[in-house]
Amino acid sequence: MTETSIRTRFAPSPTGMFHVGGARSALFNWAMAQQSPGGRMVLRVEDTDEARNKPEWTDGIVRAMSWLGINAEDPAFEGPYFQSDYAGKHRETAEELHSKGRAYYCDCTGEQVQARRDNPNLGYDGFCRDRGLEPGPGRALRFRVPEGGPTVVEDRIRGRVEFDHASIEDFVIVRSNGSPLFVLANVVDDVEMGITHVVRGEEHLSNTPKQQLLWEALGLEAPVWAHLPVIVNEQRKKLSKRRDKVALESYQEEGYLPEAMVNYLMLLGWAPGDDREIMPWAEMVPLFDIADVNSSSAFFDEKKLRAFNGDYIRSLELDDFIERCEPWLTATGEDAPWPAGNFDREVFARVAPLAQSRVAVLSDIVPNVDFLFLEEPDTEEKSWKKAMKPGIGVPMLEAALERFSDESLSWDTDTLKAATEEAGAGLGLKLGKAQAPVRVAVTGRTVGLPLFESLELLGRERTVARVAAALEKGRAEEAAEGTSEA
(Lines give C-alpha, C1' and ligand atoms only; values in the text may rest on other atoms or scores of the structure.)
Protein backbone atom coordinates (compact mmCIF):
# COMPACT_ATOMS: atom_id res chain seq x y z
CA MET A 1 0.00 0.00 0.00
CA THR A 2 1.29 3.49 -0.77
CA GLU A 3 -1.14 5.54 1.35
CA THR A 4 -0.12 6.85 4.74
CA SER A 5 -2.26 7.64 7.78
CA ILE A 6 -5.09 5.42 6.63
CA ARG A 7 -8.21 5.71 8.76
CA THR A 8 -10.50 2.88 7.87
CA ARG A 9 -13.60 1.90 9.76
CA PHE A 10 -15.57 -1.18 10.64
CA ALA A 11 -19.19 -0.29 11.34
CA PRO A 12 -21.30 -3.31 12.28
CA SER A 13 -24.90 -3.28 13.43
CA PRO A 14 -25.46 -5.22 16.67
CA THR A 15 -27.45 -8.35 15.84
CA GLY A 16 -26.71 -10.73 18.70
CA MET A 17 -24.11 -12.64 16.68
CA PHE A 18 -20.97 -11.80 14.71
CA HIS A 19 -21.31 -12.85 11.05
CA VAL A 20 -18.28 -14.47 9.39
CA GLY A 21 -18.71 -11.98 6.55
CA GLY A 22 -18.39 -9.15 9.05
CA ALA A 23 -15.33 -10.87 10.50
CA ARG A 24 -13.73 -10.95 7.03
CA SER A 25 -14.46 -7.22 6.57
CA ALA A 26 -13.00 -6.44 9.98
CA LEU A 27 -9.80 -8.34 9.19
CA PHE A 28 -9.30 -6.64 5.83
CA ASN A 29 -9.73 -3.25 7.51
CA TRP A 30 -7.40 -4.29 10.32
CA ALA A 31 -4.70 -5.37 7.88
CA MET A 32 -4.86 -2.04 6.05
CA ALA A 33 -4.66 -0.09 9.30
CA GLN A 34 -1.72 -2.10 10.61
CA GLN A 35 0.36 -1.79 7.47
CA SER A 36 -0.06 1.98 7.19
CA PRO A 37 2.20 4.32 9.21
CA GLY A 38 -0.05 5.86 11.80
CA GLY A 39 -2.97 3.85 10.43
CA ARG A 40 -6.13 3.36 12.45
CA MET A 41 -9.13 1.08 12.26
CA VAL A 42 -12.13 2.72 13.84
CA LEU A 43 -14.85 0.55 15.36
CA ARG A 44 -18.16 2.36 15.06
CA VAL A 45 -21.32 0.64 16.23
CA GLU A 46 -24.41 1.48 14.19
CA ASP A 47 -26.75 1.64 17.18
CA THR A 48 -29.51 3.99 16.03
CA ASP A 49 -31.99 1.11 15.72
CA GLU A 50 -33.39 0.98 19.26
CA ALA A 51 -34.44 -2.64 18.86
CA ARG A 52 -30.79 -3.55 18.32
CA ASN A 53 -29.32 -1.16 20.84
CA LYS A 54 -28.37 -3.71 23.49
CA PRO A 55 -25.09 -3.26 25.40
CA GLU A 56 -24.51 -7.02 25.54
CA TRP A 57 -24.62 -7.20 21.74
CA THR A 58 -21.99 -4.49 21.47
CA ASP A 59 -19.89 -6.35 24.03
CA GLY A 60 -20.26 -9.42 21.82
CA ILE A 61 -18.81 -7.52 18.86
CA VAL A 62 -15.81 -6.43 20.90
CA ARG A 63 -15.25 -9.97 22.24
CA ALA A 64 -15.49 -11.52 18.78
CA MET A 65 -13.01 -9.02 17.36
CA SER A 66 -10.67 -9.63 20.26
CA TRP A 67 -10.83 -13.39 19.61
CA LEU A 68 -9.71 -12.66 16.03
CA GLY A 69 -6.74 -10.72 17.36
CA ILE A 70 -8.15 -7.23 16.79
CA ASN A 71 -7.01 -5.94 20.12
CA ALA A 72 -8.49 -2.77 21.58
CA GLU A 73 -5.13 -2.10 23.27
CA ASP A 74 -3.33 -1.97 19.92
CA PRO A 75 -2.37 1.58 18.80
CA ALA A 76 -4.00 0.88 15.42
CA PHE A 77 -7.40 0.41 17.09
CA GLU A 78 -9.91 3.17 17.91
CA GLY A 79 -13.32 2.90 19.48
CA PRO A 80 -15.87 1.74 19.96
CA TYR A 81 -17.75 4.85 18.93
CA PHE A 82 -21.52 4.92 18.64
CA GLN A 83 -23.51 6.43 15.80
CA SER A 84 -26.16 7.67 18.23
CA ASP A 85 -23.59 9.98 19.85
CA TYR A 86 -23.46 12.02 16.64
CA ALA A 87 -27.20 12.63 16.31
CA GLY A 88 -26.75 16.38 16.78
CA LYS A 89 -24.21 16.55 13.96
CA HIS A 90 -26.54 14.53 11.74
CA ARG A 91 -29.29 17.14 12.18
CA GLU A 92 -26.86 20.03 11.73
CA THR A 93 -25.57 18.59 8.45
CA ALA A 94 -29.13 18.04 7.21
CA GLU A 95 -29.91 21.70 7.86
CA GLU A 96 -26.71 22.71 6.05
CA LEU A 97 -27.72 20.72 2.95
CA HIS A 98 -31.15 22.31 3.03
CA SER A 99 -29.77 25.82 3.36
CA LYS A 100 -27.48 25.20 0.37
CA GLY A 101 -30.41 24.06 -1.74
CA ARG A 102 -29.01 20.52 -1.95
CA ALA A 103 -32.01 19.11 -0.11
CA TYR A 104 -35.71 19.99 0.11
CA TYR A 105 -38.72 19.11 2.18
CA CYS A 106 -41.39 16.80 0.85
CA ASP A 107 -44.83 16.05 2.28
CA CYS A 108 -45.74 13.25 -0.13
CA THR A 109 -47.04 10.10 1.46
CA GLY A 110 -46.01 6.70 0.23
CA GLU A 111 -49.46 6.17 -1.21
CA GLN A 112 -49.25 9.43 -3.17
CA VAL A 113 -45.85 8.53 -4.58
CA GLN A 114 -47.12 5.12 -5.58
CA ALA A 115 -50.23 6.57 -7.22
CA ARG A 116 -48.13 8.85 -9.46
CA ARG A 117 -45.93 6.07 -10.76
CA ASP A 118 -46.50 5.08 -14.35
CA ASN A 119 -44.04 2.27 -13.84
CA PRO A 120 -43.90 0.46 -10.49
CA ASN A 121 -40.12 0.16 -10.85
CA LEU A 122 -39.65 3.92 -10.82
CA GLY A 123 -38.96 5.73 -7.58
CA TYR A 124 -39.95 9.16 -6.31
CA ASP A 125 -40.75 11.59 -9.15
CA GLY A 126 -39.43 14.86 -7.66
CA PHE A 127 -42.92 16.26 -7.07
CA CYS A 128 -41.84 18.58 -4.23
CA ARG A 129 -38.51 19.70 -5.71
CA ASP A 130 -39.62 23.25 -6.44
CA ARG A 131 -42.48 23.71 -3.99
CA GLY A 132 -40.24 25.46 -1.46
CA LEU A 133 -41.69 23.66 1.55
CA GLU A 134 -40.34 24.53 4.98
CA PRO A 135 -39.77 22.01 7.77
CA GLY A 136 -42.96 20.81 9.36
CA PRO A 137 -44.87 17.82 10.69
CA GLY A 138 -45.06 14.96 8.22
CA ARG A 139 -42.36 16.43 5.98
CA ALA A 140 -39.26 14.42 5.08
CA LEU A 141 -36.01 15.94 3.82
CA ARG A 142 -34.91 14.66 0.41
CA PHE A 143 -31.54 15.07 -1.26
CA ARG A 144 -31.68 16.80 -4.63
CA VAL A 145 -29.91 14.44 -7.04
CA PRO A 146 -28.22 16.39 -9.88
CA GLU A 147 -29.95 16.18 -13.24
CA GLY A 148 -28.02 14.60 -16.09
CA GLY A 149 -24.78 12.70 -16.04
CA PRO A 150 -23.66 9.82 -13.82
CA THR A 151 -21.99 9.54 -10.47
CA VAL A 152 -18.76 7.63 -10.92
CA VAL A 153 -17.51 5.46 -8.08
CA GLU A 154 -13.86 4.52 -8.32
CA ASP A 155 -13.76 1.23 -6.47
CA ARG A 156 -10.41 -0.30 -5.53
CA ILE A 157 -11.76 -3.79 -6.19
CA ARG A 158 -14.29 -3.28 -8.98
CA GLY A 159 -12.72 -0.40 -10.86
CA ARG A 160 -14.88 2.35 -12.35
CA VAL A 161 -18.59 1.91 -11.62
CA GLU A 162 -21.07 4.40 -13.09
CA PHE A 163 -24.53 5.14 -11.69
CA ASP A 164 -26.81 7.13 -13.97
CA HIS A 165 -28.56 9.91 -12.07
CA ALA A 166 -31.76 9.04 -13.91
CA SER A 167 -31.81 5.79 -11.92
CA ILE A 168 -31.27 7.50 -8.55
CA GLU A 169 -34.37 9.07 -7.05
CA ASP A 170 -34.25 12.12 -4.78
CA PHE A 171 -33.66 10.01 -1.70
CA VAL A 172 -34.77 10.74 1.85
CA ILE A 173 -32.01 11.76 4.27
CA VAL A 174 -34.25 12.74 7.22
CA ARG A 175 -37.55 11.01 7.93
CA SER A 176 -40.75 12.93 8.55
CA ASN A 177 -40.32 12.25 12.27
CA GLY A 178 -36.97 14.07 12.23
CA SER A 179 -34.67 11.05 12.46
CA PRO A 180 -31.77 10.93 9.98
CA LEU A 181 -31.48 7.93 7.68
CA PHE A 182 -28.46 5.65 7.63
CA VAL A 183 -27.19 7.07 4.33
CA LEU A 184 -26.77 10.53 5.88
CA ALA A 185 -25.63 9.39 9.31
CA ASN A 186 -22.97 7.16 7.79
CA VAL A 187 -21.47 10.00 5.76
CA VAL A 188 -21.54 12.45 8.66
CA ASP A 189 -19.86 9.94 10.96
CA ASP A 190 -17.15 9.23 8.38
CA VAL A 191 -16.53 12.97 7.99
CA GLU A 192 -16.36 13.52 11.75
CA MET A 193 -13.98 10.60 12.24
CA GLY A 194 -11.71 11.48 9.32
CA ILE A 195 -12.30 8.17 7.55
CA THR A 196 -10.11 7.83 4.46
CA HIS A 197 -11.02 4.32 3.33
CA VAL A 198 -14.34 2.48 3.38
CA VAL A 199 -13.93 -1.29 2.98
CA ARG A 200 -17.20 -3.18 3.26
CA GLY A 201 -19.41 -5.84 1.72
CA GLU A 202 -20.71 -5.81 -1.84
CA GLU A 203 -24.29 -5.30 -0.64
CA HIS A 204 -23.39 -1.69 0.22
CA LEU A 205 -22.26 -0.81 -3.31
CA SER A 206 -25.76 0.35 -4.27
CA ASN A 207 -25.65 2.90 -1.42
CA THR A 208 -22.30 4.29 -2.48
CA PRO A 209 -23.40 6.75 -5.21
CA LYS A 210 -25.82 8.36 -2.75
CA GLN A 211 -23.10 8.65 -0.14
CA GLN A 212 -20.63 10.01 -2.66
CA LEU A 213 -23.19 12.64 -3.74
CA LEU A 214 -23.52 13.68 -0.11
CA TRP A 215 -19.75 14.00 0.28
CA GLU A 216 -19.60 16.15 -2.84
CA ALA A 217 -22.54 18.28 -1.71
CA LEU A 218 -20.65 19.02 1.50
CA GLY A 219 -17.65 20.10 -0.54
CA LEU A 220 -15.52 17.22 0.67
CA GLU A 221 -13.52 14.50 -1.05
CA ALA A 222 -15.11 11.09 -0.70
CA PRO A 223 -13.08 8.28 0.87
CA VAL A 224 -11.50 5.46 -1.08
CA TRP A 225 -14.18 2.86 -1.74
CA ALA A 226 -13.63 -0.90 -1.77
CA HIS A 227 -16.51 -3.37 -1.86
CA LEU A 228 -15.65 -6.94 -0.94
CA PRO A 229 -17.05 -9.90 -2.88
CA VAL A 230 -20.12 -11.61 -1.50
CA ILE A 231 -19.50 -14.83 0.43
CA VAL A 232 -21.50 -17.82 -0.79
CA ASN A 233 -22.24 -21.36 0.35
CA GLU A 234 -21.69 -24.59 -1.59
CA GLN A 235 -24.87 -23.94 -3.59
CA ARG A 236 -23.31 -20.58 -4.53
CA LYS A 237 -26.02 -18.74 -2.63
CA LYS A 238 -25.19 -15.82 -0.39
CA LEU A 239 -24.53 -16.96 3.16
CA SER A 240 -27.69 -16.61 5.22
CA LYS A 241 -28.10 -16.92 8.96
CA ARG A 242 -31.41 -18.68 8.34
CA ARG A 243 -29.77 -21.38 6.23
CA ASP A 244 -26.03 -21.48 6.95
CA LYS A 245 -23.74 -21.56 9.95
CA VAL A 246 -22.56 -17.96 9.84
CA ALA A 247 -22.04 -16.96 13.49
CA LEU A 248 -18.37 -16.63 14.37
CA GLU A 249 -19.26 -17.58 17.94
CA SER A 250 -20.50 -21.00 16.83
CA TYR A 251 -17.12 -21.79 15.31
CA GLN A 252 -15.40 -20.56 18.44
CA GLU A 253 -17.61 -22.78 20.60
CA GLU A 254 -16.89 -25.78 18.38
CA GLY A 255 -13.19 -25.41 18.93
CA TYR A 256 -11.83 -23.63 15.89
CA LEU A 257 -8.58 -21.84 16.61
CA PRO A 258 -8.65 -18.07 16.08
CA GLU A 259 -5.43 -18.15 14.05
CA ALA A 260 -6.90 -20.75 11.69
CA MET A 261 -10.13 -18.76 11.30
CA VAL A 262 -8.19 -15.56 10.61
CA ASN A 263 -6.03 -17.30 8.02
CA TYR A 264 -9.05 -18.79 6.26
CA LEU A 265 -11.15 -15.62 6.26
CA MET A 266 -8.28 -13.61 4.78
CA LEU A 267 -8.31 -15.95 1.78
CA LEU A 268 -11.97 -15.30 0.96
CA GLY A 269 -11.34 -13.12 -2.06
CA TRP A 270 -7.63 -12.53 -1.61
CA ALA A 271 -4.47 -14.62 -1.99
CA PRO A 272 -0.87 -13.81 -1.03
CA GLY A 273 0.28 -14.76 -4.51
CA ASP A 274 2.91 -17.38 -3.72
CA ASP A 275 0.67 -20.50 -3.76
CA ARG A 276 0.79 -20.71 0.01
CA GLU A 277 -2.43 -20.90 1.97
CA ILE A 278 -1.36 -21.66 5.53
CA MET A 279 0.21 -18.40 6.64
CA PRO A 280 0.34 -16.56 9.97
CA TRP A 281 -1.18 -13.12 10.31
CA ALA A 282 2.18 -11.37 10.67
CA GLU A 283 3.23 -12.64 7.24
CA MET A 284 -0.07 -11.80 5.55
CA VAL A 285 -0.27 -8.17 6.65
CA PRO A 286 2.66 -6.80 4.62
CA LEU A 287 1.49 -8.73 1.54
CA PHE A 288 -2.12 -7.59 1.67
CA ASP A 289 -3.34 -5.06 -0.87
CA ILE A 290 -7.04 -4.29 -1.18
CA ALA A 291 -6.58 -3.80 -4.93
CA ASP A 292 -5.64 -7.49 -5.21
CA VAL A 293 -9.00 -8.66 -3.88
CA ASN A 294 -11.03 -10.53 -6.48
CA SER A 295 -14.48 -9.15 -7.25
CA SER A 296 -15.95 -12.63 -7.86
CA SER A 297 -17.96 -14.28 -5.09
CA ALA A 298 -15.95 -16.15 -2.44
CA PHE A 299 -16.94 -19.70 -1.47
CA PHE A 300 -17.06 -20.36 2.27
CA ASP A 301 -15.95 -23.99 2.32
CA GLU A 302 -16.48 -25.31 5.83
CA LYS A 303 -14.66 -28.55 4.99
CA LYS A 304 -11.60 -26.59 3.94
CA LEU A 305 -11.82 -24.45 7.06
CA ARG A 306 -11.94 -27.63 9.15
CA ALA A 307 -8.85 -28.94 7.36
CA PHE A 308 -7.09 -25.62 7.98
CA ASN A 309 -7.96 -25.90 11.64
CA GLY A 310 -6.62 -29.44 11.86
CA ASP A 311 -3.31 -28.27 10.38
CA TYR A 312 -3.10 -25.49 12.95
CA ILE A 313 -3.93 -27.86 15.81
CA ARG A 314 -1.18 -30.26 14.75
CA SER A 315 1.32 -27.39 14.68
CA LEU A 316 0.66 -26.43 18.31
CA GLU A 317 3.20 -27.18 21.01
CA LEU A 318 1.88 -30.05 23.11
CA ASP A 319 1.48 -27.95 26.27
CA ASP A 320 -0.43 -25.36 24.26
CA PHE A 321 -2.71 -28.03 22.81
CA ILE A 322 -3.43 -29.42 26.29
CA GLU A 323 -4.24 -25.95 27.59
CA ARG A 324 -6.57 -25.15 24.70
CA CYS A 325 -8.48 -28.41 25.23
CA GLU A 326 -9.10 -27.55 28.87
CA PRO A 327 -12.50 -25.81 28.43
CA TRP A 328 -13.98 -28.93 26.82
CA LEU A 329 -12.40 -31.34 29.29
CA THR A 330 -13.44 -29.48 32.43
CA ALA A 331 -16.85 -28.12 31.39
CA THR A 332 -19.49 -28.21 34.11
CA GLY A 333 -23.27 -28.39 34.25
CA GLU A 334 -25.11 -29.63 31.18
CA ASP A 335 -21.91 -29.40 29.11
CA ALA A 336 -19.92 -31.65 31.43
CA PRO A 337 -18.58 -34.61 29.41
CA TRP A 338 -18.12 -36.78 32.51
CA PRO A 339 -18.24 -36.51 36.33
CA ALA A 340 -15.70 -33.87 37.38
CA GLY A 341 -13.86 -36.24 39.70
CA ASN A 342 -13.20 -38.71 36.88
CA PHE A 343 -10.89 -36.44 34.92
CA ASP A 344 -7.20 -37.13 35.40
CA ARG A 345 -4.90 -34.46 33.95
CA GLU A 346 -1.88 -36.75 34.04
CA VAL A 347 -3.68 -39.41 32.04
CA PHE A 348 -4.85 -36.82 29.53
CA ALA A 349 -1.31 -35.45 29.20
CA ARG A 350 -0.17 -38.98 28.25
CA VAL A 351 -2.92 -39.45 25.64
CA ALA A 352 -2.77 -35.89 24.29
CA PRO A 353 -0.05 -36.54 21.67
CA LEU A 354 -2.18 -39.32 20.18
CA ALA A 355 -5.28 -37.12 20.13
CA GLN A 356 -3.56 -34.02 18.76
CA SER A 357 -2.78 -35.75 15.50
CA ARG A 358 -6.41 -36.80 15.00
CA VAL A 359 -8.71 -33.95 16.02
CA ALA A 360 -9.83 -31.31 13.52
CA VAL A 361 -11.57 -29.05 16.06
CA LEU A 362 -10.95 -28.91 19.79
CA SER A 363 -14.41 -30.21 20.67
CA ASP A 364 -13.41 -33.48 18.95
CA ILE A 365 -11.21 -34.16 21.96
CA VAL A 366 -14.12 -35.37 24.11
CA PRO A 367 -15.30 -38.33 21.98
CA ASN A 368 -11.67 -39.28 21.41
CA VAL A 369 -10.76 -39.61 25.10
CA ASP A 370 -14.07 -40.05 26.95
CA PHE A 371 -13.49 -43.80 27.32
CA LEU A 372 -10.71 -42.95 29.78
CA PHE A 373 -12.89 -40.85 32.07
CA LEU A 374 -16.32 -42.48 31.90
CA GLU A 375 -17.29 -45.35 34.18
CA GLU A 376 -18.53 -47.27 31.15
CA PRO A 377 -17.88 -46.57 27.47
CA ASP A 378 -20.50 -44.56 25.59
CA THR A 379 -21.18 -47.23 22.97
CA GLU A 380 -22.43 -46.21 19.53
CA GLU A 381 -25.04 -48.69 18.34
CA LYS A 382 -23.82 -48.49 14.75
CA SER A 383 -20.24 -49.23 15.82
CA TRP A 384 -21.36 -52.11 18.01
CA LYS A 385 -23.27 -53.81 15.20
CA LYS A 386 -20.42 -53.31 12.76
CA ALA A 387 -17.82 -54.85 15.06
CA MET A 388 -19.93 -57.62 16.63
CA LYS A 389 -20.75 -59.61 13.52
CA PRO A 390 -21.89 -63.21 14.10
CA GLY A 391 -18.99 -65.62 14.27
CA ILE A 392 -16.47 -62.84 14.86
CA GLY A 393 -17.51 -60.57 17.75
CA VAL A 394 -18.18 -63.03 20.55
CA PRO A 395 -15.35 -65.49 19.72
CA MET A 396 -12.85 -62.64 19.47
CA LEU A 397 -13.90 -61.14 22.80
CA GLU A 398 -13.65 -64.58 24.41
CA ALA A 399 -10.11 -65.00 23.11
CA ALA A 400 -9.11 -61.45 24.07
CA LEU A 401 -10.57 -61.81 27.56
CA GLU A 402 -8.55 -64.96 28.12
CA ARG A 403 -5.32 -63.28 27.04
CA PHE A 404 -5.91 -59.97 28.86
CA SER A 405 -6.87 -61.74 32.11
CA ASP A 406 -3.51 -63.51 32.23
CA GLU A 407 -1.63 -61.69 35.01
CA SER A 408 1.66 -62.81 33.48
CA LEU A 409 0.92 -60.75 30.34
CA SER A 410 2.95 -57.56 30.38
CA TRP A 411 0.58 -54.56 30.10
CA ASP A 412 2.30 -52.45 27.47
CA THR A 413 1.46 -51.39 23.93
CA ASP A 414 3.61 -53.87 22.03
CA THR A 415 2.62 -56.86 24.16
CA LEU A 416 -1.08 -56.01 23.94
CA LYS A 417 -0.85 -55.73 20.17
CA ALA A 418 0.92 -59.08 19.89
CA ALA A 419 -1.61 -60.73 22.22
CA THR A 420 -4.56 -59.43 20.21
CA GLU A 421 -2.91 -60.46 16.96
CA GLU A 422 -2.34 -63.97 18.30
CA ALA A 423 -5.91 -64.24 19.57
CA GLY A 424 -7.23 -63.19 16.17
CA ALA A 425 -4.94 -65.54 14.31
CA GLY A 426 -6.42 -68.45 16.28
CA LEU A 427 -9.78 -67.50 14.75
CA GLY A 428 -8.40 -66.92 11.29
CA LEU A 429 -8.65 -63.12 11.65
CA LYS A 430 -6.10 -60.53 10.64
CA LEU A 431 -5.31 -57.82 13.15
CA GLY A 432 -7.61 -55.24 11.53
CA LYS A 433 -10.70 -57.38 12.04
CA ALA A 434 -9.51 -58.90 15.30
CA GLN A 435 -9.14 -55.58 17.08
CA ALA A 436 -12.54 -54.16 16.05
CA PRO A 437 -14.61 -56.03 18.72
CA VAL A 438 -12.00 -55.17 21.35
CA ARG A 439 -12.06 -51.50 20.38
CA VAL A 440 -15.83 -51.19 20.54
CA ALA A 441 -15.90 -53.08 23.86
CA VAL A 442 -13.37 -50.73 25.42
CA THR A 443 -14.03 -47.36 23.75
CA GLY A 444 -17.58 -47.73 22.43
CA ARG A 445 -16.55 -46.85 18.88
CA THR A 446 -14.88 -48.47 15.89
CA VAL A 447 -12.81 -45.37 15.15
CA GLY A 448 -10.57 -43.56 17.59
CA LEU A 449 -7.11 -43.31 19.04
CA PRO A 450 -4.58 -46.12 18.51
CA LEU A 451 -6.09 -49.09 20.33
CA PHE A 452 -3.14 -50.61 22.11
CA GLU A 453 -1.82 -47.31 23.48
CA SER A 454 -5.39 -46.72 24.70
CA LEU A 455 -5.52 -50.12 26.44
CA GLU A 456 -2.23 -49.42 28.15
CA LEU A 457 -3.55 -46.11 29.52
CA LEU A 458 -6.90 -47.62 30.56
CA GLY A 459 -5.18 -50.35 32.56
CA ARG A 460 -5.70 -54.09 32.87
CA GLU A 461 -8.52 -54.04 35.41
CA ARG A 462 -10.79 -51.63 33.51
CA THR A 463 -9.99 -53.21 30.14
CA VAL A 464 -10.81 -56.72 31.36
CA ALA A 465 -14.04 -55.50 32.97
CA ARG A 466 -15.19 -53.81 29.76
CA VAL A 467 -14.32 -56.75 27.53
CA ALA A 468 -16.17 -59.06 29.93
CA ALA A 469 -19.25 -56.79 29.94
CA ALA A 470 -19.25 -56.59 26.15
CA LEU A 471 -18.88 -60.35 25.89
CA GLU A 472 -21.88 -60.87 28.15
CA LYS A 473 -23.92 -58.44 26.05
CA GLY A 474 -22.83 -60.15 22.83
CA ARG A 475 -23.73 -63.60 24.13
CA ALA A 476 -27.13 -62.34 25.28
CA GLU A 477 -27.85 -60.88 21.87
CA GLU A 478 -26.84 -64.11 20.14
CA ALA A 479 -29.07 -66.11 22.48
CA ALA A 480 -31.97 -63.78 21.84
CA GLU A 481 -31.42 -64.05 18.12
CA GLY A 482 -31.33 -67.83 18.32
CA THR A 483 -34.57 -67.89 20.30
CA SER A 484 -36.35 -65.67 17.78
CA GLU A 485 -35.22 -67.86 14.90
CA ALA A 486 -36.47 -70.98 16.67
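Thresholds applied
Residues numbered from 1 in each chain as written. Predicted model: local features only at pLDDT ≥ 70, side-chain atom pairs only at ≥ 80, totals over all residues. Heavy atoms only, no water. UniProt positions renumbered as here; feature names shortened; annotations may be inferred. Helix = DSSP H or I, 4+ residues; strand = E, 2+ residues; numbered from the N terminus. Contact = heavy atoms within 4.5 Å. Buried < 20%, exposed > 50% of the residue type's maximum accessible area, 1.4 Å probe, protein only. Pairing = 2+ DSSP bridges. Right-handed = clockwise from strand over helix to strand, strands pointing away. Patch = residues over 30% accessible without salt bridge, like charges linked within 9 Å, V, L, I, M, F, W, Y side chains within 5 Å. Areas by Shrake-Rupley, 256 points an atom, 1.4 Å probe, with all protein chains shown as cover. Salt bridge = Lys/Arg side-chain N within 4 Å of Asp/Glu carboxyl O. Lys, Arg positive; Asp, Glu negative; His and termini not counted. Charge placed at Lys NZ, Arg CZ, Asp CG, Glu CD. Phe/Tyr/Trp six-rings, centres within 6.5 Å; stacked < 30°, edge-to-face > 60°. Lys NZ or Arg CZ within 6 Å of the ring centre and 35° of its normal.

A. Focus on the UniProt feature "binding site: ATP" (unreviewed entry) in the chain. According to UniProt, the feature "binding site: ATP" (unreviewed entry) maps to Lys 241 in the numbering used here. When you line up the elements, Lys 241 lands in the loop between strand S11 (231–232) and helix H7 (248–254). Beyond its immediate stretch of four places on either side in the chain, Lys 241 contacts Met 17 and Val 246.

B. How the structure looks around the pairing of strand S9 (residues 197–201). The buried fraction of S9 amounts to 5 of the 5 residues, a majority that puts the element mostly inside the structure. As paired elements, S9 and strand S10 (residues 224–228) share 5 bridges and run parallel to each other. Across the sheet, His 197 pairs through a bridge with Val 224, a residue of S10. With helix H6 (residues 208–217) bridging S9 and its parallel neighbour S10, the resulting β-α-β unit is right-handed.

C. Just the environment of Arg 40, in detail. Of note, Arg 40 is situated in strand S2 (residues 40–45). Linking Arg 40 and Ala 76, residues 36 residues apart in sequence, is a C-alpha distance of 4.4 Å. Those residues within four positions of Arg 40 in sequence are excluded, and the remaining contacts are Ile 6, Arg 7, Thr 8, Ala 33, Pro 75, Ala 76 and Glu 78.

D. Examining a positive patch on the surface more closely. Taken together, the side chains of Lys 382, Lys 386, Lys 389 and Lys 433 define a basic patch exposed on the protein surface. Along the polypeptide, Lys 433 turns up in helix H17 (residues 431–443). Among the residues examined, Lys 433 registers a relative accessible area of 57% and is labelled exposed.

E. Molecular detail of the packing of aromatic side chains. Applying the stated criterion across every chain, the model contains 14 aromatic pairs. For the ring pair Trp 270 and Phe 288, a centre distance of 5.3 Å and an interplane angle of 65 degrees mean the geometry is edge-to-face. Remark: Phe 288 occurs in the loop between helix H9 (281–284) and strand S12 (298–299) and Trp 270 occurs in the loop between helix H8 (258–266) and H9; sequence separation between them is 18 residues. Both rings, one in Phe 343 and one in Phe 348, keep their centres 6.2 Å apart while their planes meet at 45 degrees; by these two values the pair is tilted. Phe 348 shares its class with Phe 343; the two are buried. Taken together, the aromatic side chains of Tyr 251, Tyr 256, Tyr 264, Phe 300 and Phe 308 make up a single cluster linked through ring pairs. Stacked on the ring of Tyr 124, the Lys or Arg Arg 142 has its end atom at 3.6 Å from the ring centre. When the ring centre of Phe 299 is taken as reference, the NZ or CZ atom of Arg 236 above it lies at 4.3 Å.

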